[in-house]
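Working through the structure, step by step
The chain contents come next:
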Amino acid sequence: MMDRGMNALEENRWTFEIAWEAANKVGGIYTVIRSKAYVSTEEMGDQYCLIGPYKEHAARTEVEESPLSSPLLQEAVNKMRNMGYKVHTGRWLVDGNPQIILMDIGSAAWKLDEFKQELWEKCNLGVPHLDIEANDAIILGYMVADFVALFRTEMVEACTGDGGAPPRIVTHFHEWQAGLGLIILRTRHVDVATVFTTHATLLGRYLCAGKTDFYNDLDKFNVDEEAGKRQIYHRYCMERAATHLCHVFTTVSEITGLEAEHLLKRKPDIITPNGLNVKKFSALHEFQNLHAVSKDKIHEFVRGHFYGHYDFDLDKTLYFFIAGRYEFGNKGADIFVEALSRLNHYLKAGHSDVTVVAFMIFPAKTNNFNVESLRGHAVTKSLRDTISEIQQKIGKRMYEICLSGRLPESSDLLQKEDLIRLKRCIYALQRDGLPPVTTHNVVDDWNDPVLNAVRRCKMFNTVNDRVKIVFHPEFLSSTNPLFGLDYEEFVRGCHLGVFPSYYEPWGYTPAECTVMGIPSVTTNLSGFGCFMQEHIADPMSYGIYVVDRRYISLEDSVKQLAQFMFEFTRLNRRQRIIQRNRTERLSDLLDWRNLGVFYRQARMNALHQVYPDLAAAEMENGIMSVKYPRPISEPPSPSSSRMTTPAASVHGSDEEDEVDEEQELAELRIDN
């Protein structure tokens, strides 16, 4: 019920969400917590509060410090401060503006040995002294457990005094770093409901990084031995203990649920897919216009990067990209480069006039920008500025000559000094070598996996190559001197996102593409790919290409990926517009307004186990009546298609905007 906490206030229902990445950007869980905050506050208002570690560099810019709205919450915080702990409270400056409590881990470090002793006595769980991350997790866990216990005591005393409803508290923990708090609450028998969500198992990440046949051997791993070999046994024990002690256990996808079942030995009670805050446009053609604007900015980069070898038509150039953490195998960069090499062969063999520029955006260690990249942008800027000046002079001369009553001759307009300036710019555009593969000087580049794969496949951006590769070893930002656009703008300007991951518990990158109306390639080993296959009858018709990396060989997966990309290059511009419209229609499926229901269900199930009297009515009125939207019931060519196709764009004709509903699938060459 989206009543900003009115119902929760009446029932004295409180929710604390605990995560290492609350107002602390480290990885993908930050995106989950941040994007979900709006829906959480719409549902629970100030009955909802986030808890995390205090990291000054992040909190300074993301949190507005202030007292908490509830006097009892603030009283619990004050008691924590009286115990010697530093605790910061306020509002997180994101959509929804939720309350947040940040624990200063350093202020409780003096009690670490005491915490470890209790952990050993109650759980037989020992932690090496030198594992700083695990030590920090223990300190945060005990601080959270102390705070929740203090708050519950305050609430019980207040309710006993005024005869109100007893407090019903849900604590929701994300990942093993926060999970210590759950373990302590349960071993201390604090009467609160607990939910534990794993976004990726600890052991799963290590096993995949070690190049094992992970999914085929999932039921064969000796988990204790594997964790011990990797010196993470104590962390694994923390994660497994939290998994088994919680009232409700959730994972972000079916594929992670399977992983948890075998590695953590508990099947998830509920799958809680990750969503996004979807901002809908009032008219569908607006996102198409944004695509055109961003694409022009990428055109500018390409003109500079490929100067001297700029022999391809930008109107017939497609931009593919892959982005994420630099996990070469897990993120599928290995098969992406191999498939690009085959795509290059297909295009050359078919005498195609299409050029593909493939961007690989992975943060790696670099010394600085590549001099060749910077020079390219300098000489193209010089040419542009020179032509602009000459244009102004020609306009002025033409005006003066016409005023005198005669038509201008070509020699009157373009004078010798102008020709000399243009020739100087054109000669400056000549280059001896090939356009660089990378935009930066990569540290230890002879051992860099992307560059080694490019060398092995001989993808050197020659004139004859129809596929060009640009490796950008840095995340994009609007201050970047080469691109001058941020990640969201860059994604909007591309034509296809390619994410053929081997290990991807959810996959925010293809989800972000979908919300922006950009088709993407994913796999049946990513949570996002499995989710789309489950909820859409024919994902490919909606611009979601799912590569099989589970049931066929690696060679066949590479072939399939290359074939998907080749088929995409054969679509004409009108067909790509149709496909982008369809992809954008899926954004509702990924909106937290729809996916937040699974988190609500997890909380209500946990409450039902601890407070059976409350949850029965709530389940009946709230959770079970929600119908999850499934586009599987929609025809592949929706009846609204004609009206929602975008208005004519700069390069197109009016005919491009007329979409024949019955021929959409035929035009996309998708077999049903």
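What comes next is a walk through the structure. Please read these numbers as outputs of a predicted model, since none were measured by experiment. (Residues numbered from 1 in each chain as written. Predicted model: local features only at pLDDT ≥ 70, side-chain atom pairs only at ≥ 80, totals over all residues. Heavy atoms only, no water.)

Considerations on the overall build of the chain
Counting its secondary structure elements, the chain contains 26 helices and 17 strands. Relative to its length of 672 residues, the chain is compact, with a C-alpha radius of gyration of 29 Å against a globular reference of 26 Å. Its C-alpha atoms give the chain principal-axis dimensions of roughly 100 × 55 × 50 Å. For the chain, buried positions account for 56% of its 672 residues. (Helix = DSSP H or I, 4+ residues; strand = E, 2+ residues; numbered from the N terminus. Rg over C-alpha atoms; globule rule 2.2 N^0.38 Å. Buried < 20%, exposed > 50% of the residue type's maximum accessible area, 1.4 Å probe, protein only.)

Brief notes about the packing of aromatic side chains
The final tally for this structure, using the stated rule, is 30 aromatic pairs. Centre to centre, the rings of F306 and F312 are 5.6 Å apart; their planes meet at 80 degrees, and the pair counts as edge-to-face. What makes F312 buried here is its relative accessible area of 6%. Among the aromatic residues, those joined into a cluster by ring pairs are F301, Y319, F321, F359, F483, Y487, F490 and F499. (Phe/Tyr/Trp six-rings, centres within 6.5 Å; stacked < 30°, edge-to-face > 60°.)

Describing the sheet that holds strand β15 (residues 496–498)
If you walk across this open sheet you meet the six strands as β14-β11-β10-β15-β16-β17, and the pairing is parallel. Taken across any chain shown, the strands that pair with only one partner, and hence form the sheet edges, are β14 (467–472) and β17 (544–547). Each adjacent strand pair in this sheet contributes to an overall mean axis angle of 25 degrees, direction not counted. By the bridge criterion, six bridges tie strand β11 (residues 355–361) to β14 in an arrangement that is parallel. The residue bridging V357 from the neighbouring strand is K468, located in β14. (Pairing = 2+ DSSP bridges. Axes fitted to C-alpha atoms, helices over the stretch in contact; angles between N-to-C directions.)

Notes on the pairing of strand β1 (residues 13–18)
Of all six residues making up β1, six are buried, and the element is well covered by its neighbours. Alternating residues of β1 divide into R13, T15 and E17 and W14, F16 and I18, and every residue in both groups is buried. Relative to strand β2 (residues 48–53), β1 runs parallel, the two sharing four bridges. Residue pairing for β2: T15 is matched across the bridge by Y48. For the handedness criterion, the β-α-β arrangement of β1, helix α2 (residues 28–44) and β2 is classed as right-handed. (Right-handed = clockwise from strand over helix to strand, strands pointing away.)

Observations regarding the environment of P481
With respect to the secondary-structure elements, P481 resides in the loop between β14 and α18 (487–493). Spatially, the C-alpha atoms of P481 and L374 are 8.4 Å apart, while their sequence positions differ by 107 residues.

Describing the nonpolar core
The biggest cluster of nonpolar side chains holds 73 residues, and the ones touching the most others in it are F16, I101, M103, I138, F147 and F214. The element contributing the most residues to this core is helix α6 (residues 132–162), with 13 residues. If sequence neighbours within four positions are ignored, I101 has contacts with C49, L50, I51, G52, L68, V77, V87, H88, T89 and F147. If you look at the next biggest cluster of nonpolar residues, it comprises 65 residues, including L347, L451, L485 and L571. (Core = buried A, V, L, I, M, F, W, Y, C linked by side-chain atoms within 4.5 Å. Contact = heavy atoms within 4.5 Å.)

Some thoughts on the packing of helix α7 (residues 175–187) against helix α10 (residues 233–245)
It is at 8 Å that the axes of α7 and α10 come closest, and there the two elements cross at 55 degrees. By the angle between their axes, α7 is oblique relative to α10. Note on packing geometry: the crossing formed by α7 with α10 is left-handed. Packed against α7, whose contacting residues are W176, G179, L180, L182, I183 and R186, the element α10 presents R235, M238, E239, A241, A242 and L245 at the interface. Considered class by class, the residues forming the contact of α7 with α10 number eight nonpolar, one polar and three charged. (Parallel < 35°, antiparallel > 145°, perpendicular 65-115°, else oblique. Left-handed = near helix turned anticlockwise from the far one by under 90°. Nonpolar A, V, L, I, M, F, W, Y, C, P; charged D, E, K, R; others polar.)

What about the sheet that holds strand β6 (residues 168–174)?
With respect to topology, nine strands assemble into an open sheet ordered β3-β4-β5-β2-β1-β6-β7-β8-β9, the strand pairing being mixed. Of all strands in the sheet, those bounded by a partner on one side alone are β3 (63–65) and β9 (270–271). Of the pairings in the sheet, the one linking β1 to β6 comprises six bridges and is parallel in character. Paired with R13 across the bridge in β6 is R168. The strands touched by α10 within the sheet are β7 (193–198) and β8 (248–251), with β7 carrying the most contacts at an inclination of about 135 degrees. Where helix α11 (residues 254–263) meets the sheet, it contacts β7, β8 and β9, and its direction lies at approximately 125 degrees from that of β8.

What about the state of the cysteines?
Using the criterion set out here, one finds zero disulfides in the structure. Note on C49: no disulfide assigned, nearest cysteine sulfur contributed by C159 at a separation of 18 Å. C208 carries a free sulfur, and the closest cysteine sulfur to it, the one in C530, is 14 Å from it. On the basis of relative accessible area, C208 is assigned to the buried category, the value being 6%. (Disulfide = S-S within 2.5 Å.)

What about helix α17 (residues 449–456)?
Along α17, the residues that are buried comprise V450, L451, A453 and V454. Seen end-on, α17 carries its buried residues on one side only, within an arc spanning 160 degrees. For α17, the secondary structure elements touched by its buried residues are α13 (333–349), β11, β13 (440–442) and β14. The residue sitting at the N-terminus of α17 and contributing the capping side-chain oxygen is D448; that oxygen lies 3.1 Å from the backbone nitrogen of V450. K458 lies just past α17 and shows a positive phi near 55 degrees. (Arc of directions from axis to C-beta. Polar contact = N/O pair within 3.5 Å; in protein donor to acceptor, adjacent residues only side chain to side chain.)

A word on the side chain of T250
Topologically, T250 is positioned in strand β8. Judged by its relative accessible area of 0%, T250 falls in the buried class. The contact partners of T250, leaving out residues within four places of it in the chain, are V195, F196, T197, T198, P268, I270, T272 and A602.

A few points about the packing of α13 against helix α21 (residues 554–569)
Interaxial distance between α13 and α21 falls to 8 Å at its minimum, and their mutual angle equals 50 degrees. By the angle between their axes, α13 is oblique relative to α21. For the pair α13 and α21, the crossing hand works out as right-handed. Here I335, F336, E338, A339, L340, R342, L343, Y346 and L347 of α13 come into contact with α21, specifically with L554, E555, V558, K559, L561, A562, Q563, M565, F566 and T569. Taken together, the residues of the contact of α13 with α21 break down into 13 nonpolar, two polar and four charged.

Regarding the environment of V248
Inspection of the secondary structure assignment puts V248 in strand β8. Classification of V248 by relative accessible area gives buried; the value is 1%. For V248, the residues in contact, after removing those within four places along its chain, are T194, V195, F196, R266, D269, I270, A602, N605, A606 and Q609.

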